[in-house]
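Structure at a glance
Below are the chains, spelled out letter by letter.
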Amino acid sequence: MRGRNSKALIFELSKPGRTAIDLPACDVPQDDIQLLIPAQLIRQEKAALPEVSQLDLMRHYNSLSERNFGVDSGFYPLGSCTMKYNPKINEDACRLPGFALIHPLQDSETVQGALQLLYNMEQYLAELAGMDAITMQPAAGAHGELTGIKLIRAYHRHRGQNRTKVIVPDSAHGTNPATAAVCGLDIVEVKSHPDGAVDLTALKAAVGSDTAAFMLTNPSTLGLFEKNITEIAQIVHDAGGLLYYDGANANAIMGLTRPGDMGFDVVHFNLHKTFSTPHGGGGPGSGPVGVKKALIPYLPSPHIVQKSGKFSLAADRPQSIGKVQSFYGNFGVIVRAYAYIRVMGPDGLTASSQDAVLNANYCLSQLKEDYYAPFERFCMHECIITSKHQKAYGIHTLDIAKRLLDYGYHPPTIYFPLIVEEAMMIEPTETESKETIDGFIAVMRRIAREAEEDASLITKAPHTTVVGRLDETAAARKPVVKWQR
Ligand SMILES: *Cc1c(COP(=O)(O)O)cnc(C)c1O
């Protein structure tokens with residue numbers, strides 16, 4: 001079957017001797033090539049590669065690409081991931097030859113524009129975060145966390161203090177405790193209050209002379225603003241610990257409040273979430289880290305300095321934790337985020353945060369009749385509902401997520417945060433129109449009716465996708481990722 005929706009693998013399309021390109025005969029003596037490659041690395045058998053025409057090849061990859069789902073194809077309310085629209089002008093900017101074709105080992109005299117962009121970006125992010133200095137090196141949010149916790153460890157060590165514990169709330173993103181563990185620190189988990197906030201009594205009991213840091217995001221992973229943040233900061237600082245801000249939720253607060261003003265000492269941003277650079281599928285990303293003055297000496301080196309209008313790289317931080325990424329970070333991602341910030345301007349960024357919060361609250365207000373809303377208060381940029389009301393019909397959150405695929409929507413984040421049973425975390429972002437959000441709400445309501453009338457429609461979903469319901473456990477534990485004859 002080779003029709004438009006053929007599911008044939010490229011190997012199955014293969015016919016011996018068919019080829020997509022016709023290369024001229026090799027004019028380099030084969031013996032010379034064999035001399036360059038160590039004998040044990042030279043393949044003896046012919047590689048079992050598919051043999052197809054260029055047209056078959058094009059159709060194959062085109063059809064694969066059509067099975068993809070991205071922000072450019074549909075609504076993608078994946079909570080905590082901020083799948084906002086990525087304006088195409090960002091792409092134009094990062095492809096400008098002056099950015100795309102330079103090499104990091106070029107003399108700094110010849111890349112003044114690129115250095116200036118990095119320098120300006122540091123200033124913008126420091127302003128947005130309320131921090132004193134920024135490093136652009138980290139390549140992702142989790143990498144920013146690793147950098148930040150290393151900075152905090154260096155800070156305490158320099159003061160001769162052996163602080164080994166990192167406190168995280170039980171609602172934290174998995175990367176927070178993972179980061180602390182990778183840094184060789186012990187994790188202390190504090191339970192959340194039933195209203196979703198950090199439990200101050202539990203926090204007070206957890207801090208001590210061994211506290212290195214408290215890692216927190218505000219708004220929290222429950223989409224709620226920590227109203228007690230200044231008191232939390234006081235408790236941690238009084239114990240001699242530092243506050244780490246997981247900035248993955250910054251889309252809710254741009255221009256409205258700043259982690260630095262809330263008392264945080266170290267921050268990371270996810271440029272690939274908040275600042276509209278494409279993400280998903282593992283990268284590339286960018287997770288710049290901002291710090292207060294006391295931590296500047298430990299920042300990664302080299303860093304960009306400006307002297308009488310000239311930009312250069314300086315390696316004058318003897319206490320630096322060192323380099324955390326090749327050269328100065330994922331430059332192309334940073335250029336995209338820079339273009340976004342310049343196009344939006346301060347008022348635009350603030351407005352986008354306000355709209356993100358408005359859209360999430362609109363979703364919550366429209367869905368809380370048909371779905372259970374565990375927190376009775378306004379949310380920030382994302383909202384949480386659950387499938388508690390649908391439980392009676394034998395329906396779980398996973399089933400609802402699968403049914404959404406039939407209607408052409410990417411499901412929200414599910415089963416996160418872990419402390420909310422059967423959670424669905426919806427983050428519509430500011431870039432979606434009211435019509436799009438209304439369409440999603442209508443489908444969610446329709447699914448709630450289907451649950452009452454014909455639950456099997458949902459428990460057996462999806463019905464319209466290329467593959468139906470997968471055995472997710474087997475897919476994770478016994479993946480078949482290689483074609484076998
Ligand atoms: C996405 C996210 C991270 C990790 O960021 P990556 O760039 O994926 O490494 C950390 N914390 C929260 C709350 C997040 O949403």
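Model, not experiment: these values are computed from the prediction.

**Quick word on the pairing of strand E6 (residues 266–269)**
Covered by surrounding structure in E6 are Val266 and His268 together with Val267 and Phe269, the residues of both alternating faces. As paired strands, strand E5 (residues 242–247) and E6 are joined by 4 bridges and run parallel to one another. Opposite Tyr244, over in E6, you have Val266 as the bridge partner. Summarising the sheet, E6 and strand E7 (residues 289–291) pair through 3 bridges and their orientation is antiparallel. When the sheet's bridge partners are listed, Val266 is paired in E7 with Val291.

**Some points on the sheet that holds strand E4 (residues 211–216)**
Pairing is mixed in the open sheet, where 7 strands are placed in the order E1-E7-E6-E5-E4-E2-E3. Sheet topology places strand E1 (133–135) and strand E3 (186–190) at the edges, where each strand pairs with a single neighbour. The mean angle between the axes of side-by-side strands here comes to 25°, regardless of whether they run parallel or antiparallel. Helix H9 (residues 229–238) contacts E4 and E5 of the sheet and is inclined by roughly 135° relative to E5.

**A short note on the site of the ligand**
Around the ligand, the neighbouring residues are Ser80, Ala140, Gly141, Ala142, Glu145, His173, Thr175, Asp246, Ala248, Asn270, His272 and Lys273. Take Ala142: an N or O atom from its main chain is 2.8 Å from an oxygen atom of the ligand. Contact between the ligand and Asp246: a nitrogen atom at 2.6 Å from a side-chain N or O atom of the residue. A total of 380 Å² of accessible area belongs to the ligand in isolation, and the protein chains cover 86% of it. If you list the elements that add at least two residues to the shell around the ligand, you get helix H6 (141–158) and helix H11 (271–274). With 3 residues, H6 is the largest single contributor of residues to the shell around the ligand. Here the residues of the shell around the ligand sort into 3 nonpolar, 6 polar and 3 charged.

**A word on the packing of aromatic side chains**
Overall, the coordinates contain 11 aromatic pairs when judged by the stated rule. Summarising the aromatic geometry, the rings of Phe75 and Phe440 are spaced 5.0 Å apart at their centres and angled 65° between planes, so their arrangement reads as edge-to-face. Of this pair, Phe75 sits in the loop between helix H2 (54–66) and helix H3 (88–94) while Phe440 sits in helix H14 (residues 434–453), and the two are 365 residues apart along the sequence. The burial state of Phe75 is the same as that of Phe440; both residues are buried. Of the aromatic side chains, those joined through ring pairs into one cluster are Phe75, Tyr409 and Phe440. The ring of Tyr155 is capped by Arg159, whose NZ or CZ atom sits 3.8 Å from the centre of that ring. In this arrangement the basic side chain of Lys388 is found over the ring face of Tyr372, its NZ or CZ atom lying 4.2 Å from the centre.

**Comments concerning the environment of Ser209**
Within the element layout of this structure, Ser209 appears in the loop between helix H8 (200–206) and E4. When its relative accessible area of 64% is taken as the criterion, Ser209 is described as exposed. A C-alpha to C-alpha distance of 66 Å links Ser209 and Leu13, two positions 196 residues apart in sequence. The contacts of Ser209, once residues within four sequence positions are left out, are Arg163 and Ala239.

**Section: the sheet that holds strand E12 (residues 423–426)**
Judged by pairing direction, the sheet is antiparallel, and its 3 strands sit side by side in the order E10-E12-E11 without closing on themselves. Of all strands in the sheet, those with a lone pairing partner are strand E10 (383–386) and strand E11 (413–414), marking the two edges. Judged from the 2 bridges that link them, E11 and E12 form a sheet pairing that is antiparallel. Following the sheet pairing, Thr413 is matched in E12 by Met425.

Reading guide: rules and limits
- Residue indices begin from 1 for each chain and proceed along its sequence in written order.
- Owing to the predicted nature of the model, reporting of local features is limited to residues with pLDDT of at least 70; listing and counting of side-chain atom pairs is limited to 80 or more, with chain, interface and lining totals taken over all residues.
- The side-chain numbers reported here are obtained from all heavy atoms of the structure, hydrogens and water having been left aside.
- Here the term buried applies to any residue with accessible area under 20% of the maximum for its type, exposed to any over 50%, and partly exposed to those in between, with areas from a 1.4 Å probe on protein chains only.
- To qualify as a helix, a DSSP run of H or I must reach at least 4 residues; to qualify as a strand, a run of E must reach at least 2; elements of each kind are numbered from the N terminus.
- One requirement defines pairing of two strands: DSSP has to find at least two bridges between them.
- Axes here mean lines fitted to C-alpha atoms, for a helix over just the part in contact, with angles spanning 0 to 180 degrees between N-to-C directions.
- In what follows, a contact means two residues having at least one pair of non-hydrogen atoms within 4.5 Å.
- We call a residue near a molecule or strand when any one of its heavy atoms sits within 4 Å of it.
- Here a polar contact is taken to be a pair of N or O atoms separated by no more than 3.5 Å, where protein atoms must pair a possible hydrogen donor with a possible acceptor and residues adjacent in sequence count only if both atoms sit in side chains.
- The accessible surface values rely on the Shrake-Rupley method and a 1.4 Å probe; as for residues, cover is taken only from the protein chains in view.
- Residues are sorted three ways: Asp, Glu, Lys and Arg are charged, Ala, Val, Leu, Ile, Met, Phe, Trp, Tyr, Cys and Pro are nonpolar, and all the rest, Gly among them, are polar.
- The aromatic pairing rule takes the rings of Phe, Tyr and Trp, using the six-membered ring of Trp, and pairs them if the centres are within 6.5 Å, calling planes under 30 degrees apart stacked, those over 60 edge-to-face and the rest tilted.
- Any Lys NZ or Arg CZ found within 6 Å of a ring centre and within 35 degrees of that ring's normal is scored as a charge over the ring.

Note that all results are geometric; they support no functional claim without further evidence.
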